[in-house]
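Listed below, chain by chain, are the residues.
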Amino acid sequence: MDKTAPFENLHSREYQGHKKKVHSVAWNCSGTKVASGSADQTARIWHIEPHGHSSSSLPCLVMVKDIELKGHNDSVDQLCWDPKHADLIATASGDKTVCLWDARSGKCTQQAELSDENINITYKPDGTQIAVGNRDDELTILDVRKFKAIHKQKFSYEVNEMAWCMTGDRFFLTTGNGTVEVLAYPSLQPVDTLVAHTAGCYCIAIDPLGRYFAVGSADSLVSLWDISQMLCVRTFTKLEWPVRTVSFNYTGEYIASASEDSFTDISNVQTGRSVHQIPCRAATNSVEWNPKYNLLAYAGDDKNKYQADEGVFRIFGFESA
């Protein structure tokens, strides 16, 4: 493990508010709010404010308040923030609906009813459209202003997480076949099939600098792909269980990945070497870096001593007191 990393003396803080396990965590575009989506049918918005500065480049962050988003009738499986608006967030639920919320009021401003249980959701980088994937392997593209479906496509194979490239003209689908399907956008015509892994591809993340994307697989590997050449440039090999979640930090220097392993791995993107491991007590469902600082939100299947869901998420990156 590379010992030169800036993470050695940092620790995590725990935030509790849900009654059941947390499936998804995400930061807003300004890095001041983090959202958590849970099996308890709610999402929560946690407002964080910088309060002075610590000795490092990190601000001393204070959690000011949290707001509960209530309205779904089933688990909130994934959520994502509007990339251009720090107070708009979309949630995908097992109740077949997608909701758009105002994080200031906690009110649902738009709702779309789709055809099956929704499990994946992502925004187009310009904030104009949302892609939603469901358990029936159907992709729906929603126009954000009208909140209506402008495209639906059913696939004959298992479709997992999806993402647009930074320019918005290519769309990536991770599949149960171990491939990444590259589609032109907005036509959604196939452009390429990348044979990425020997087992199903579960998750995908786009480097904020637009150079790479990373894919996490059931084969316990994370592959790093050069977007301009569509070639795999390296793999990250620290995890031993199927990779559930990946995220690049704001500089594109580090990548976090997690699974059912007892840690979340942070590796250097250029060298492929692991630079830090955050201990975890249970399988991790979601990791996401703050867009401004080296703060990593992560959440999983944590249980208390009575074996009930703890309903917590954590943020790693704070200096020890």
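No experiment lies behind these values; they were computed from the predicted model shown.

Here we come to the overall build of the protein chain. From N to C terminus, the protein chain includes zero helices and 28 strands. Taken over the C-alpha trace, the protein chain has a radius of gyration of 18 Å; the compact-globule value for 321 residues is 20 Å, and the two agree within 12%. Seen through its C-alpha atoms, the protein chain measures out along the principal axes to roughly 50 × 45 × 40 Å. Relative to its 321 residues, the protein chain shows a buried fraction of 58%. Relative to all contacts within the protein chain whose residues are 6 or more apart in sequence, the contacts with residues 24 or more apart total 44%.

Right, let's talk about the pairing of strand S7 (residues 88-93) for a bit. Within S7, six of the six residues are buried, which leaves the element mostly enclosed by the surrounding structure. Going residue by residue along S7, you find Leu 88, Ala 90 and Ala 92 tucked away on one face and Ile 89, Thr 91 and Ser 93 tucked away on the opposite face as well. The pairing of strand S6 (residues 76-81) with S7 spans five bridges and is classified as antiparallel. Opposite Leu 79, over in S7, you have Thr 91 as the bridge partner. Connecting S6 to the antiparallel partner S7 that follows it, the hairpin turn spans six residues. Strand direction decides the pairing type here: S7 and strand S8 (residues 97-102), joined by five bridges, are antiparallel. When the sheet's bridge partners are listed, Ala 90 is paired in S8 with Leu 100.

With antiparallel pairing, four strands are arranged side by side in an open sheet as S18-S19-S20-S21. Edge positions in the sheet fall to strand S18 (201-206) and strand S21 (231-236), since each has one partner strand and no second. Across the sheet, the mean angle separating the axes of adjacent strands is 25° when strand polarity is ignored. Inspection of the sheet shows S18 paired to strand S19 (residues 212-217) by five bridges, in the antiparallel sense. Across the sheet, the residue bridging to Ala 205 is Ala 214, located in S19.

We now examine the UniProt feature "repeat: WD" (unreviewed entry) in the protein chain. UniProt tags residues 15-49, 69-111 and 194-235 as "repeat: WD" (unreviewed entry). With 0% helix and 63% strand, residues 15-49 has its two end C-alpha atoms placed 15 Å apart. Its end C-alpha atoms 13 Å apart, residues 69-111 is made of 0% helix and 58% strand.

Time to look at the pattern of salt bridges. Taken as a whole and judged by the stated rule, the model has 18 salt bridges. The salt bridge involving Arg 314 is made with Glu 14; its shortest N-O contact spans 2.6 Å. Of the two residues, Arg 314 sits in strand S28 (residues 312-319) while Glu 14 sits in strand S1 (residues 10-16), which places them 300 residues apart along the sequence. Between Glu 310 and Arg 281 there is a salt bridge whose closest N-O contact spans 2.7 Å. Here Arg 281 lies in the loop between strand S25 (274-279) and strand S26 (284-289) and Glu 310 lies in the loop between strand S27 (296-300) and S28, a separation of 29 residues in the sequence. Judged by its relative accessible area of 15%, Glu 310 falls in the buried class. The class of Arg 281 is exposed, set by a relative accessible area of 57%. The network of salt bridges with common partners includes Glu 14, Arg 281, Asp 302, Glu 310 and Arg 314.

Time to look at the pairing of strand S20 (residues 222-226). In terms of residue burial, S20 counts as a mostly covered element, since five of its five residues are buried. Residue alternation in S20 divides its side chains into two sets, Val 222, Leu 224 and Asp 226 and Ser 223 and Trp 225, and both sets are buried. Here S19 runs beside S20; their pairing, made up of five bridges, is antiparallel. When the bridges of S20 are listed, Phe 213 appears paired with Trp 225. Between S19 and S20, which pair antiparallel and follow one another directly, the connecting turn spans four residues, one of which, Ser 220, has a positive phi of 75°. Looking at chain direction, S20 and S21 are connected through five bridges and run antiparallel. Across the sheet, residue Trp 225 finds its bridge partner in S21, namely Cys 232. Linking S20 back to S21 in an antiparallel pair, the connection comprises four residues, with Met 230 at a positive phi of about 55°.

The next point concerns the nonpolar core. The nonpolar side chains of a soluble globular protein tend to be buried with one another. Phe 172, Val 180, Leu 194, Phe 213 and Val 215 are the most contacted members of the largest nonpolar core, which has 15 residues in total. Mapped onto this core, the elements with two or more residues apiece are strand S16 (179-184), S18 and S19. Among the elements that make up this core, the one with the highest residue count is S18 (three residues). In contact with Leu 194, other than residues within four places in its own chain, are Gly 178, Thr 179, Val 180, Val 182, Phe 213, Trp 225 and Met 230.

About the thresholds
- Residues numbered from 1 in each chain as written.
- Predicted model: local features only at pLDDT ≥ 70, side-chain atom pairs only at ≥ 80, totals over all residues.
- Heavy atoms only, no water.
- Helix = DSSP H or I, 4+ residues; strand = E, 2+ residues; numbered from the N terminus.
- Rg over C-alpha atoms; globule rule 2.2 N^0.38 Å.
- Buried < 20%, exposed > 50% of the residue type's maximum accessible area, 1.4 Å probe, protein only.
- Contact = heavy atoms within 4.5 Å.
- Pairing = 2+ DSSP bridges.
- Axes fitted to C-alpha atoms, helices over the stretch in contact; angles between N-to-C directions.
- UniProt positions renumbered as here; feature names shortened; annotations may be inferred.
- Salt bridge = Lys/Arg side-chain N within 4 Å of Asp/Glu carboxyl O.
- Core = buried A, V, L, I, M, F, W, Y, C linked by side-chain atoms within 4.5 Å.

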